[in-house]
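Summary of the model geometry
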Amino acid sequence: MFTDGARVLRLALDDEARLTMQAQVQRTLGVPAVPVLDQGAGPDGRAWVLEPHLHGDDIPPGPAGWEDLGRALAALHARPGTGWGRLMDRPGPLVGEAGTPTEGVHTRLPDVWPLGPTPLTDQALVRADPALLGPIQGQRDAILTAIREPAGALHTDLHGGQLLWRGGRLLALLDFGDAARGPLAWDLASVAFFHGWAVADHVAGGAGIRMGAEAAAFGLLLAQHRARRARDEQQRARAVTFAWHCLEQLGRVNPG
């Protein structure tokens, strides 16, 4: 990434940058995505995208800011497209790489139970806290139901670094490198993992999405993925805590 202070030039260093797709999502979504000023490819074929350099501030978001995010996600979710999973890195319509909902989740979460090759007993999440085994097994049907919900275009990775705030309101939604097509609950589960369930409730309200069992069930997939990718004990513990919170949410939605 290069900048002159007013503009940012992003240059693809490898195929995983997926800048063509990202620019397409930004153009399709409009505000609050960062505008695309220009794009092209260098002599070596590497894609580049030119954007304005936006600046936030240190004022944290309140409920209104999180509702802004919900409205932004609703606009993203409503973008037309086909298929499931990671979006193909190409201009034109938004198309997922996979032909089924399950295969679509695999493109982003390649080894989570009950979809991947590793059994639940061998998942890093359950190895970190074996008491999770039975409760998560009991949610197999809920997980599969959540995956098969109607699909929309998703961000999928809504950590704090992807959100630019100004005056407590959302200025820009950043970095669509992991954009995919899948169940809308995926984005709510991502918000809950990084920011908590209370924030996810505000986001769901702004998006006009019902906060039901689907987000908590999909969260069990994210907890497994995060535990598998954890670099230290603290990150694994965070995934374990989130899994228990998902189970608690599921108990509230489906008591008994």
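Further up the page is the structure itself.
Note that the structure is predicted; figures quoted are calculated from it, not measured. (Residues numbered from 1 in each chain as written. Predicted model: local features only at pLDDT ≥ 70, side-chain atom pairs only at ≥ 80, totals over all residues. Heavy atoms only, no water.)

**Side note on the sheet that holds strand β2 (residues 7–11)**
Applicable threshold: In this scheme, strands are said to pair when DSSP sees at least two bridges between them. The way it works is that DSSP assigns letters per residue, a run of H or I at least four long becomes a helix, a run of E at least two long becomes a strand, and they are numbered from the N terminus. Throughout, a residue-residue contact means that at least one pair of heavy atoms, one from each residue, lies within 4.5 Å. Convention adopted: a line fitted to C-alpha atoms gives each axis, helices being fitted over their contacting stretch, and angles between N-to-C directions are expressed from 0 to 180 degrees.
The four strands are arranged β1-β2-β4-β3 in an open sheet whose pairing can be described as antiparallel. Edge positions in the sheet fall to β1 (2–3) and β3 (38–41), since each has one partner strand and no second. The pairing of β3 with strand β4 (residues 47–52) spans four bridges and is antiparallel. Counterpart to Ala41 in the pairing with β4 is Ala47. Sheet strands in contact with helix α1 (residues 19–29) are β2, β3 and β4, and its direction is about 35 degrees off that of β4.

**Notes on the nonpolar core**
As a rule of thumb, nonpolar side chains are buried together in soluble globular proteins. The condition is simple: As used here, the term nonpolar core means buried Ala, Val, Leu, Ile, Met, Phe, Trp, Tyr and Cys residues forming a set that is joined through side-chain atoms within 4.5 Å. Classification of residues uses two cut-offs on accessible area relative to the type maximum, computed with a 1.4 Å probe and protein chains only: under 20% is buried, over 50% is exposed, and between them is partly exposed.
In terms of nonpolar packing, the biggest core is built from 65 residues, with Leu69, Leu125, Phe218 and Leu221 touching the most fellow members. Element by element, the count of residues in this core is highest for helix α9 (residues 213–229), at ten residues.

**A few points about the pattern of salt bridges**
Basically, it comes down to this: A carboxyl oxygen of Asp or Glu within 4 Å of a side-chain nitrogen of Lys or Arg is what we treat as a salt bridge.
For the structure on display, the rule yields ten salt bridges. Salt-bridge contacts for Arg18 lead to Glu97; the nearest nitrogen and oxygen are separated by 3.6 Å. Of this pair, Arg18 sits in the loop between β2 and α1 while Glu97 sits in strand β7 (residues 94–98), and the two are 79 residues apart along the sequence. According to the relative accessible area criterion, Glu97 is partly exposed, its value standing at 37%. Of the charged contacts, one joins Arg236 and Glu233 as a salt bridge, the two residues approaching to 3.4 Å between their closest N and O atoms. With Arg236 and Glu233 both in helix α10 (residues 233–253) and three residues apart, the pair spans about one turn of that helix. One salt-bridge network, held together by shared partners, links Arg18, Arg86 and Glu97.

**Side note on the pairing of strand β9 (residues 163–166)**
Bridge count for β9 against strand β10 (residues 169–173) is four bridges, and the pairing is antiparallel. For Trp165, the partnering residue across the bridge sits in β10 and is Leu170. Here β9 hands over to β10 after two residues, with Gly167 in that stretch at a positive phi of 60 degrees.

**Quick notes on helix α8 (residues 197–207)**
Our working rule: In this context, the arc is that of the directions from the helix axis out to the C-beta atoms.
Among all positions of α8, only Trp197, Val199, Ala200, Val203, Ala204, Gly206 and Ala207 are buried. Within α8, the buried residues cover an arc of 165 degrees as seen down the axis, which keeps them to one side. For α8, the exposed residues lying more than 90 degrees away from the buried face are Ala198 and Gly205. Immediately beyond the C-terminal end of α8, within one or two residues, lies Gly208, with a positive phi of roughly 70 degrees.

**Topic: the sheet that holds strand β8 (residues 151–154)**
Across the sheet, five strands lie side by side as β5-β7-β6-β11-β8; this open sheet has mixed pairing. Each edge of the sheet is formed by a strand with only one pairing partner; in this case those strands are β5 (81–82) and β8. By the bridge criterion, two bridges tie strand β6 (residues 84–87) to strand β11 (residues 180–183) in an arrangement that is antiparallel. When the sheet's bridge partners are listed, Gly85 is paired in β11 with Arg181.

**Let's talk about helix α6 (residues 140–147)**
Listed as buried for α6 are Ile143, Leu144, Ala146 and Ile147. Along the long axis of α6, the arc covered by the buried residues comes to 160 degrees, so they all point the same way. Packed against the buried residues of α6 are α3 (101–108), β11 and α9.

**Considerations on the packing of helix α7 (residues 185–195) against α9**
Let me state the cut-off plainly: Note on terminology: angles under 35 degrees are roughly parallel, angles over 145 are roughly antiparallel, angles of 65 to 115 are roughly perpendicular, and the others are oblique. Note on convention: near helix rotated counterclockwise from far helix by under a right angle means a left-handed crossing. Clockwise means right-handed. Ten residue types, Ala, Val, Leu, Ile, Met, Phe, Trp, Tyr, Cys and Pro, are classed as nonpolar, four, Asp, Glu, Lys and Arg, as charged, and the remainder, Gly among them, as polar.
Where α7 meets α9, the closest approach of the two axes is 8 Å, and the angle between their N-to-C directions is 60 degrees. With respect to their mutual orientation, α7 and α9 come out oblique. Like other packed secondary-structure pairs, α7 and α9 cross with a definite hand, here right-handed. Packed against α7, whose contacting residues are Ala185, Trp186, Leu188, Ala189, Ser190, Phe193 and Phe194, the element α9 presents Glu214, Ala215, Phe218, Gly219, Leu222 and Arg226 at the interface. Considered class by class, the residues forming the contact of α7 with α9 number nine nonpolar, two polar and two charged.

**Considerations on the packing of aromatic side chains**
Selection rule: Pairs were defined over the aromatic rings of Phe, Tyr and Trp, the Trp ring being its six-membered one, requiring ring centres within 6.5 Å. Orientation was assigned from the angle between planes: stacked under 30 degrees, edge-to-face over 60, tilted for the rest.
For the structure on display, the rule yields five aromatic pairs. Judged by centre distance (5.0 Å) and plane angle (70 degrees), the ring pair of Trp66 and Trp165 falls under edge-to-face. Pair noted here: Trp66 is in helix α2 (residues 63–77) and Trp165 is in strand β9, with a separation of 99 residues, a long-range link. The class for Trp66 is buried, based on a relative accessible area of 10%. Three or more aromatic residues link up through ring pairs in this structure, and these residues are Phe193, Phe194, Trp197 and Phe242.

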